[in-house]
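An overview of the molecular structure
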Amino acid sequence: MAIAQLAVPTERFTEWAGYDGPVQLISVDGQRTVGCPYWELVADVDGHQLRDLYRDMAVVRRIDAEAMALQRQGELGLWAPLLGQEAAQVGSARALRPDDFAFTSYREHGVAYCRGVDPVTMLRMWRGTGLSGWDPAEYNLATPAIIVGAQALHATGYALGITLDHARSAVVAYFGDGATSEGDVSEALGFAASYTVPVVFFCQNNQWAISEPVRLQAHASIAQRAQGYGLPGVQVDGNDVLAVLAATRLALARAYAGQGPTLIEAVTYRMGPHTTSDDPRRYRSHEEEEEWGAKDPLVRLRALLQREGLADERFEKEVATAAGEAATALRTGVLAMANPTPDALFENVYAGPHPLLDAERDAYLEYLAEYDEVS
Amino acid sequence: MAVATTNTTNPTTTATTTTTEPTSQRATTMTLGKALNAGLRQALTDDDKVILMGEDIGKLGGVFRVTEGLQDEFGDRRVIDTPLAESGVVGTAVGLALRGYRPVCEIQFDGFVYPAFDQIVSQVAKFRYRNEGRVAVPVTIRIPYGGGIGAVEHHSESPEAYFAHTAGLRVVTPSNAADGHRMIQQAIASDDPVIFFEPKRRYWEKGDVDTDAPLDDMPLHRARVLTEGTDVTVAAYGPMVATSLEAAGIGAEEGISLEVVDLRSLSPIDFETLETSVHKTGRLVVVHEAPVFCGLGAEIAARVSERCFYSLESPVRRVGGFATPYPAAKLERHFLPDADRILHEVDRCLQP
């Protein structure tokens, strides 16, 4: 389900870009805000679509919880939970068209879900049966970048390719607040601005880079950085799925129209640990977690749906069923995953033959065969 | 694989020229720099997905003029000046490759490649493996390298071992104009990423180039025996090939017969050609500008010792830079191997 069909009038870009954020369309208590011009960018989102967005967020949260459980049970080596960032990921990814391309970091399971990737496939890298899971060309989604910020440059290069092709699509580069300190993100902003390429820099500022608070990365807002590159930068409430959708639509529309990159800072919160190896109690307070818990993106959207009579018991049940089925399918699929055979170690290092690697593979497989004979 | 000794083009051992290609009636004489330029032009002509990117490569034609005239000819959408950020150059090349392009990046000087090291080692080299062969990253990264031009700091380094050590990369280096012309086209055509080291002090040395010769006459990763000899094999690459040929010339006058092998490819290394030579001569000296410690020579010495042990009549010896940073220009003649230092190691090999 892509909900990117709204025509965004070019002549109003400047007006929207000039809006002094943060953009918020749904208040923390689930009410529609008044007066924000970004409302027009989601004017077409009806009750049916709001429910779809909620369902996506709920399913993604359930998948995330199941992956956490699988890790705790020893079935995954590691997991980086997205808990709390569902609105930022679903709201932005649902703005994309199929021919747009996305580059992500390792926490964007919600983005991968919206691009159509089977969650079982997403977990291959976390279970260790492969370094990644899917074919980037099939979903127009690169596999996760683990080196922080590196993907911002890949996104910029891909967008430069779109420009050279005279095509009309765009790229989204997802990264976090920690990544904004990386040189690659700065270089990507510079290159993208210099070449006016169709890329959206989507920063999920989730307040924490493992144990480092965002104030260690920056003393001004991340959105403000855009100004130095001559780009529009906008801060949105990242726990408000409509605000995220609106801002991403605007940025994409600018990109399609040849007006170049936009930096979006989605202010959100990593409600869980950095990964399953992390312990947030060592560096942040319970009070802070409670404060952000009150801004939970799913709670907020559910409140809006209830307020507007869109979330009856039947809908709630339907969502719970969808989430439960996704979790069961994930668990079943992960437990059934085959381990790779030793020859896979040597595959796909090079496109063509490579005498050193070929010799090492042959020698090792021969060694294994001898060992098998002995044992 | 054919033994390359049959390709020997200079039957005398008094080799003092770097012209190493068979001369053909169609061959024209040009410098290495011009040959690379012609090779790049051919690659741009043959495949419209080939694009060049780098700092100052457009109007200026690169600080060594290797891309001279190419932006005029192919436009600024195919020959692209980039902002000054090496990681940015290589990282955006990755994205372009994913979009179906075949980018050729120029790193202005050897010592400037390190800001791009992460993108090369973590991204370019591993993308195919990480994506289980579903994604190709056919990026060529051209790096002028080596010393001998009296440059300031960071302009004379030989960082090839870092890249040869990295799985997923191919690493090659031409030593002469004909190889420059051919190998740059082969590198660009490769579906694997290639680190293409250009011996900058040889940019102005001339050789015969047959621009119509079929590329597959000589595979990208094959070593070439340049002078046949019987006493000691000298394996060199890039800028040290000419120096080794000079040593062979002096050696011949002194009655020492050296067989000079131009490795051409550093990953993979053509050990077959090298071993054939060592089995014949029984002695090997490896020469490079890079520091000897953990240099390519170490790997070559280890492999040749393993595989030619019963043919060797002396330990494999290495000639190269010292375990120092690259020194100031007025000291570089002490750092860089010359013909005398090569012959000194040759003599040690020959001592009973």
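**Considerations on the overall build of chain A**
A count of helices and strands for chain A gives 16 helices and 7 strands. Relative to the compact-globule value of 21 Å for 375 residues, chain A shows a C-alpha radius of gyration of 22 Å, a close match. Taking the principal axes of its C-alpha atoms as reference, chain A extends roughly 75 × 50 × 40 Å. A total of 375 residues make up chain A; the buried ones form 56% of that total. Within chain A, residue pairs in contact and separated by at least 24 positions form 75% of the contacts whose partners lie at least 6 positions apart. Here chain A has roughly 15300 Å² of accessible surface; of this, 51% comes from carbon and sulfur atoms.

**As for the pattern of salt bridges**
Considering all chains together, one arrives at 44 salt bridges over all chains under this definition. The partner of Glu 289 of chain A in a salt bridge is Arg 284 of chain A, and the shortest N-O contact between them spans 2.9 Å. On the accessibility criterion, Glu 289 of chain A (26% relative accessible area) is partly exposed. The shortest N-O distance in the salt bridge between Arg 102 of chain B and Asp 191 of chain B comes to 2.7 Å. You can see Arg 102 of chain B sitting in strand β4 (residues 102-106) and its partner Asp 191 of chain B sitting in the loop between α7 (177-189) and β7 (194-199), a full 89 residues away along the chain. Residue class for Arg 102 of chain B comes out buried when judged on its relative accessible area of 15%. The class for Asp 191 of chain B is partly exposed, based on a relative accessible area of 36%. Bridged by salt links that share partners, the residues Asp 179, Arg 182, Arg 224 and Arg 264 of chain B form one connected network.

**Quick word on the interface of chain A and chain B**
Facing the 45 residues of chain A at the interface are 43 residues of chain B. Summed over both sides, the interface between chain A and chain B buries roughly 3500 Å², with carbon and sulfur atoms accounting for 56% of that surface. Remark: the boundary between chain A and chain B carries 3 salt bridges. Linking Arg 99 of chain B and Asp 165 of chain A is a salt bridge whose minimum nitrogen-to-oxygen distance equals 2.7 Å. Connecting chain A to chain B are 25 residue pairs in polar contact (both at pLDDT 80 or more). Elements represented by at least two residues in the side of chain A that touches chain B include exactly α8 (150-164), α9 (183-195) and α16 (355-374) of chain A.

**A closer look at the sheet that holds strand β1 (residues 101-103) of chain A**
Residues and elements named next belong to chain A. Read from one edge of the open sheet, 5 strands run β1-β2-β3-β7-β6, paired in parallel fashion. Either end of the sheet is taken by a strand with one partner, and the two such strands are β1 and β6 (233-237). For this sheet, the mean inter-axis angle between neighbouring strands, taken without regard to orientation, is 20°. Relative to strand β2 (residues 171-176), β1 runs parallel, the two sharing 3 bridges. If you follow Phe 103 over to β2, its bridge partner there is Ala 173. Of the strands in this sheet, β1, β2 and β3 (199-205) touch α8, which is tilted by about 170° from β2.

**Considering a negative patch on the surface**
All names here are of chain B. Together, Glu 246, Glu 253, Glu 254, Asp 338, Asp 340 and Asp 347 make up a region of like negative charge exposed at the surface. Only α8 (240-253) and α12 (339-350) provide two or more residues apiece to the negative patch. In this structure, Asp 347 sits in helix α12.

**Concerning the sheet that holds strand β6 (residues 170-172) of chain B**
Residues and elements named next belong to chain B. If you walk across this open sheet you meet the 7 strands as β3-β2-β4-β5-β7-β6-β12, and the pairing is mixed. The open sheet has two edge strands with one neighbour each: β3 (79-81) and β12 (265-267). Going from strand to strand, the sheet's axes swing by 20° on average, the running direction of each strand aside. For β6 and β7, the ladder comprises 3 bridges, and the chain directions are parallel. Paired with Val 171 across the two strands is Ile 195, which belongs to β7. The strands touched by helix α1 (residues 32-46) within the sheet are β2 (50-54), β3, β4, β5 (140-145) and β7, with β2 carrying the most contacts at an inclination of about 135°. Where α7 meets the sheet, its contacts fall on β2, β4, β5, β6 and β7, and the angle it forms with β7 comes to roughly 165°.

**Here's the deal with the nonpolar core**
Counting residues in hydrophobic clusters, the biggest one holds 82 residues, and the most contacted among them are Leu 25, Tyr 38, Leu 50, Leu 123, Leu 242 and Leu 301 of chain A. Considering every element that reaches this core, the biggest residue donor is helix α12 (residues 241-256) of chain A, with 13 residues. Sequence-distant contacts of Leu 50 of chain A, defined by excluding residues within four places in its chain, comprise Arg 32, Val 45, Leu 242, Leu 301, Leu 304, Leu 305, Glu 308 and Leu 310 of chain A. Val 214 of chain A together with Ile 51, Val 139 and Leu 312 of chain B belong to the second largest nonpolar core, which has 79 residues in total.

**Description of a nonpolar patch on the surface**
There is a patch of nonpolar side chains on the surface, built from Leu 345, Tyr 364, Leu 365, Tyr 367 and Tyr 371 of chain A and spanning about 510 Å² of accessible area. With respect to the element layout, Tyr 364 of chain A can be found in helix α16.

**A few points about the packing of helix α2 (residues 47-72) of chain A against helix α15 (residues 313-335) of chain A**
All names here are of chain A. Closest axis-to-axis distance for the α2/α15 pair is 9 Å, and the angle between their directions is 35°. Helix-helix and strand crossings are classified by hand; for α2 and α15 the assignment is right-handed. Side by side, α2 and α15 meet where Arg 51, Tyr 54, Arg 55, Ala 58, Val 59, Arg 62, Ile 63, Glu 66, Ala 67, Ala 69 and Leu 70 of the first sit next to Phe 315, Glu 318, Val 319, Ala 322, Ala 323, Gly 324, Ala 326, Ala 327, Leu 330, Arg 331, Val 334 and Leu 335 of the second. For the contact of α2 with α15, the class distribution of residues is 16 nonpolar, 1 polar and 6 charged.

**Some words on helix α10 (residues 296-307) of chain B**
The end-to-end C-alpha separation of α10 of chain B is 17 Å, in line with the 16 Å expected for 12 residues at 1.5 Å each. When we look at burial in α10 of chain B, the residues that qualify are Leu 296, Gly 297, Ile 300, Ala 301, Arg 303 and Val 304 of chain B.

**Some words on the pairing of strand β13 (residues 284-291) of chain B**
Residue and element names in this part refer to chain B. Summarising burial for β13: 7 of the 8 residues are buried, a large majority. Sheet topology places strand β10 (residues 232-236) next to β13; 3 bridges connect them, and they run parallel. Its bridge partner being in β13, Thr 233 is matched across the sheet by Leu 284. As paired strands, β13 and strand β14 (residues 317-321) are joined by 4 bridges and run parallel to one another.

**Description of the environment of Ala 290 of chain B**
Residue and element names in this part refer to chain B. Counting through the fold element by element, Ala 290 comes out in strand β13. In sequence terms Ala 290 and Ser 257 are 33 residues apart; their C-alpha atoms lie 26 Å from each other. Not counting chain neighbours up to four residues away, the residues in contact with Ala 290 comprise Ser 158, Glu 160, Gly 320 and Gly 321.

**Quick notes on the side chain of Ser 27 of chain A**
Residues and elements named next belong to chain A. Note on placement: Ser 27 falls in the loop between α1 (13-17) and α2. Relative accessible area serves as the criterion here: at 15%, Ser 27 is assigned to the buried category. The residues touching Ser 27, leaving out its near neighbours within four places in the chain, are Thr 33 and Arg 300.

**Let's talk about the packing of α2 of chain A against helix α3 (residues 86-93) of chain A**
All names here are of chain A. The N-to-C vectors of α2 and α3 enclose an angle of 130°; their axes lie 10 Å apart at closest approach. Here α2 lies oblique to α3, going by the angle between them. Crossing of α2 against α3: the hand is right-handed. Two secondary-structure elements touch here, α2 through Leu 53, Asp 56, Met 57, Val 60 and Arg 61 and α3 through Glu 86, Ala 87 and Val 90.

**Regarding unusual backbone geometry**
The omega torsion across Ser 267 of chain B and Pro 268 of chain B is 0°, close enough to zero to call that bond cis. Along the chain, Pro 268 of chain B falls in the loop between β12 and α9 (271-281). Positive phi, normally seen in glycine, also occurs at His 166 of chain A, with a value near 55°. When you line up the elements, His 166 of chain A lands in the loop between α8 and β2. Owing to a relative accessible area of 65%, His 166 of chain A belongs among the exposed residues under this scheme.

Definitions and cut-offs
The numbers attached to residues start from 1 for each chain and follow its sequence in the written order. As they are written, the chains are lettered A onward and the ligands numbered 1 onward, keeping that order. Where local features are concerned, this predicted model is filtered to residues with pLDDT of at least 70; where side-chain atom pairs are given and counted, the filter is 80 or more; whole-chain, interface and lining totals use all residues. Computation of side-chain values covers all heavy atoms of the structure but excludes hydrogens and water. Helix and strand assignments come from DSSP, with helices taken as H or I runs of at least 4 residues and strands as E runs of at least 2, each series counted from the N terminus. The globule rule used for comparison is 2.2 Å times the number of residues to the exponent 0.38, while the radius of gyration itself is calculated over C-alpha atoms. Burial classes: relative accessible area under 20% of the type maximum marks a residue as buried, over 50% as exposed, and values in between as partly exposed (1.4 Å probe, protein chains only). Here, residues are in contact when the closest pair of their heavy atoms is within 4.5 Å. Surface accessibility in these figures is a Shrake-Rupley result with a 1.4 Å probe; residues are shielded only by whichever protein chains are displayed. We count a salt bridge whenever a side-chain nitrogen from Lys or Arg sits within 4 Å of a carboxyl oxygen from Asp or Glu. Take the accessible area each of two parts loses on contact, using a 1.4 Å probe, and add the two losses: that sum is the buried area. N or O atoms closer than or at 3.5 Å make up a polar contact, with two conditions inside protein: a donor-capable atom paired with an acceptor-capable one, and, for residues adjacent in sequence, both atoms drawn from side chains. Each pair of strands is called paired provided DSSP finds at least two bridges between the two strands. The axes used here are C-alpha line fits, helices contributing only the stretch in contact, and every angle between their N-to-C directions lies in the interval 0 to 180 degrees. Here the term patch refers to residues with relative accessible area over 30% and no salt bridge, with like charges joined within 9 Å and nonpolar side chains (Val, Leu, Ile, Met, Phe, Trp, Tyr) within 5 Å. Positive charges are assigned to Lys and Arg, negative charges to Asp and Glu, while His and the chain termini are left out of the count. Throughout, a charge is located at the NZ atom of Lys, the CZ atom of Arg, the CG atom of Asp or the CD atom of Glu. As used here, the term nonpolar core means buried Ala, Val, Leu, Ile, Met, Phe, Trp, Tyr and Cys residues forming a set that is joined through side-chain atoms within 4.5 Å. A crossing counts as left-handed when the near helix is turned anticlockwise from the far one by less than a right angle, and as right-handed when that turn is clockwise. Throughout this entry, Asp, Glu, Lys and Arg are counted as charged residues, while Ala, Val, Leu, Ile, Met, Phe, Trp, Tyr, Cys and Pro are counted as nonpolar. The remaining residues, Gly among them, count as polar. Expected helix span is taken as 1.5 Å per residue step, with the number of steps being one fewer than the number of residues. Working rule for angles: under 35 degrees goes down as roughly parallel, over 145 as roughly antiparallel, 65 to 115 as roughly perpendicular, anything else as oblique.

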